[in-house]
Amino acid sequence: MVEKAEKAGAVGVKLRGKKGKNQNNARTLMRAYPKTAWPSLYWCQIPMKNKKTNTMMMVWHCFQLPHEWLGKYMASPGAIQLCQPKTGSKCWASMQHICKKLGLTIAENAWPEQGLFPFGVHGDGVPVQGTIRKQGLDYFTVNLPCCPINNFRVPFTAIQSKYHWEYKTKEAIWNVFMWSMDCLKKGQYPSCRHDGSKWIRSDNKRKGLKGALPGKGILAEVRGDWDWLNSWCNIPTYNTKTGLCWLCCATHANYKGFGPEERAAKLDKDIFVSRVLEMKKDLCPLWGLPEMAPANLILPDWLHAVDQGCGADMVGQILVELAECYPGRSFKLRIDALWEDIQMLYKEYDIEYKLTNLCPEILNKGKGSTGPPTLKCQAAVMRHLVQILPLLTAKHFSGGSKHQQACHKLARFLTESYTAMETNDLDNMSKWGARVSGQYMALEREALAAGDSVSWHIMPKLHQYQHLTECGFAPKDFWCYKDETTGGELARLFTRRGGKDNPGKNCAQLLLRWQQCHQFPSLET
């Protein structure tokens, strides 16, 4: 097919393969990949699940080592200075904490001179292979959160979810990452493989990498949604009896009654580790390092905690109650009338990200739905809808009953909270966050007093929202919007067309395709 295209006049890459019946088309196409400046992939064996026998097997898997590409990038003049955190930011606070734990008595203004710079990690899972052969893909990415020019996401590795063998697969992946992280922390290229063994044939290029790295990297943040953090980092779930939070001592039974002072009291790492071990879970290797603490590295993400969490719940419930103010014999007809008003506001205010439709199912009120209302939409759509929500509630609720006026207040408070977040106004974000939480809880108490346990039902992500508005850091500095975009790109690049389903080779194809799509970064890009 490629040769026919070339004969037709298409200009592309010259294929370097044998012609004839016995040619290896896959190898020929692989050889056609242009060489890039990205380091070669690192191969090692890790435990995985044998799908046929349901037992553990050792499989060769590949990784794009952070210390190799970061070392190459930091060799550029001015790169380390460019990657320094702003004073008072989340990365700055993490660096201060970690340097103290490591016994590094280095002043903040001396970090660039010592070659210190922060880097971050994000993990998530994405669906791949369409809807008929749907699978899950877990991926790791590394980035420079404080670099204004090249805040790109570089994949470390990826693995199909079906090949996880208990926690052993994740532990092995963490061990490879921590070996590379240790090289960055010490500022030295390794002299052997991650397990202490000698270099192998695939390591021929990295054998020559010896001596000091251009800088010293410090892992300053770990990002991800609640499910991934629980699965990979031992972060407790919302129904963990000993505590649902890794930042404070809140439990599922008492988190609604926690005040700002109680949330500000950080959970001690020893307590966090003891809880994990008491539940007889494998401890994430990351927490074996004395300088690494969950309360310091991980904060909730606005996208998952608010846009697709408690914020979506509040907006969904308000829209359900707004629908009752419209004519129509059925709930669907009333929702249709409300949708017409929303479309008019979209047009009037030139909203960029819009709902494509509004129906009972989108509000979790379709046939068979018994749970509380919530708005099911993309996070960006939710953020833009919040801005026009008070216009709708003012029209129908401002002169109504006390309950309707309370709903209108909640809509206004939520909009103010979003505005403060968008503008990095930390003082007002804390102020309006407290008002949103108080109003939301008051509406839940009112519903429970009336015997309604579904309407205004508060979910534990409200607790994460409270932490976000009170933490003193700008949520936009560590939210996962760009990470989610990277996840979508990796899902597209992973697509398989056939052949043997080998997780290691699948990961290699993904990483090599990604390298072809992304030029190695420089200060000019």
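Right, let's walk through the structure included here. (Residues numbered from 1 in each chain as written. Predicted model: local features only at pLDDT ≥ 70, side-chain atom pairs only at ≥ 80, totals over all residues. Heavy atoms only, no water.)

### A few points about the pairing of strand S5 (residues 153-160)
- S5 sits mainly inside the fold: eight of its eight residues count as buried.
- As defined by bridge partners, strand S4 (residues 135-143) adjoins S5 across seven bridges and the pair is classed as antiparallel. Its bridge partner lying in S5, Thr-141 is registered against Pro-155. (Buried < 20%, exposed > 50% of the residue type's maximum accessible area, 1.4 Å probe, protein only. Helix = DSSP H or I, 4+ residues; strand = E, 2+ residues; numbered from the N terminus. Pairing = 2+ DSSP bridges.)

### A few points about helix H17 (residues 426-449)
- With 24 residues, H17 should reach 34 Å at 1.5 Å per residue; the first-to-last C-alpha distance of 35 Å fits that figure.
- Inspection of H17 places Met-429, Trp-432, Gly-433, Val-436, Ser-437, Gln-439, Tyr-440, Met-441, Leu-443, Glu-444 and Ala-447 among the buried residues, and these make up the whole buried set.
- The secondary structure elements touched by the buried residues of H17 are helix H13 (302-323), helix H16 (402-422) and helix H18 (461-470).
- Immediately downstream of H17, the backbone of Gly-451 shows phi near 80 degrees, a positive value. (Expected span 1.5 Å × (residues − 1). Contact = heavy atoms within 4.5 Å.)

### A look at the packing of aromatic side chains
- As enumerated under the stated definition, the model contains 22 aromatic pairs in all.
- Ring plane angle 75 degrees and centroid distance 5.5 Å describe the contact between Phe-156 and Phe-177, whose orientation is recorded as edge-to-face. Of this pair, Phe-156 sits in strand S5 while Phe-177 sits in helix H7 (residues 168-186), and the two are 21 residues apart along the sequence.
- Residue classification places Phe-156 among the buried residues on the basis of a relative accessible area of 0%.
- Under the relative-accessibility criterion, Phe-177 is labelled buried at 1%.
- Three or more aromatic residues link up through ring pairs in this structure, and these residues are Phe-63, Phe-140, Phe-156, Trp-174, Phe-177, Trp-228 and Trp-232.
- Looking at Lys-72, its charged tip hangs above the ring of Phe-520, at a distance of 5.1 Å from the centre. (Phe/Tyr/Trp six-rings, centres within 6.5 Å; stacked < 30°, edge-to-face > 60°. Lys NZ or Arg CZ within 6 Å of the ring centre and 35° of its normal.)

### A closer look at helix H19 (residues 481-494)
- Between the first and last C-alpha of H19 there are 20 Å, a value that for 14 residues agrees with the 20 Å anticipated at 1.5 Å per step.
- Among all positions of H19, only Tyr-481, Asp-483, Thr-486, Gly-487, Glu-489, Leu-490, Ala-491, Leu-493 and Phe-494 are buried.

### Some remarks on the packing of helix H14 (residues 331-349) against helix H15 (residues 379-396)
- Packing of H14 against H15 leaves a shortest axis separation of 10 Å and a crossing angle of 115 degrees. In this view, H14 runs roughly perpendicular relative to H15, as classed from their interaxial angle. Considering only the axes of H14 and H15, their crossing is right-handed. Residues Leu-338, Asp-341, Ile-342, Leu-345, Tyr-346 and Tyr-349 of H14 form the contact with H15, whose participating residues are Val-381, Leu-385, Ile-388, Leu-391, Leu-392, Lys-395 and His-396.
- Per-class residue counts for the contact of H14 with H15 are 10 nonpolar, one polar and two charged. (Axes fitted to C-alpha atoms, helices over the stretch in contact; angles between N-to-C directions. Parallel < 35°, antiparallel > 145°, perpendicular 65-115°, else oblique. Left-handed = near helix turned anticlockwise from the far one by under 90°. Nonpolar A, V, L, I, M, F, W, Y, C, P; charged D, E, K, R; others polar.)

What is shown is where atoms sit, not what they do.
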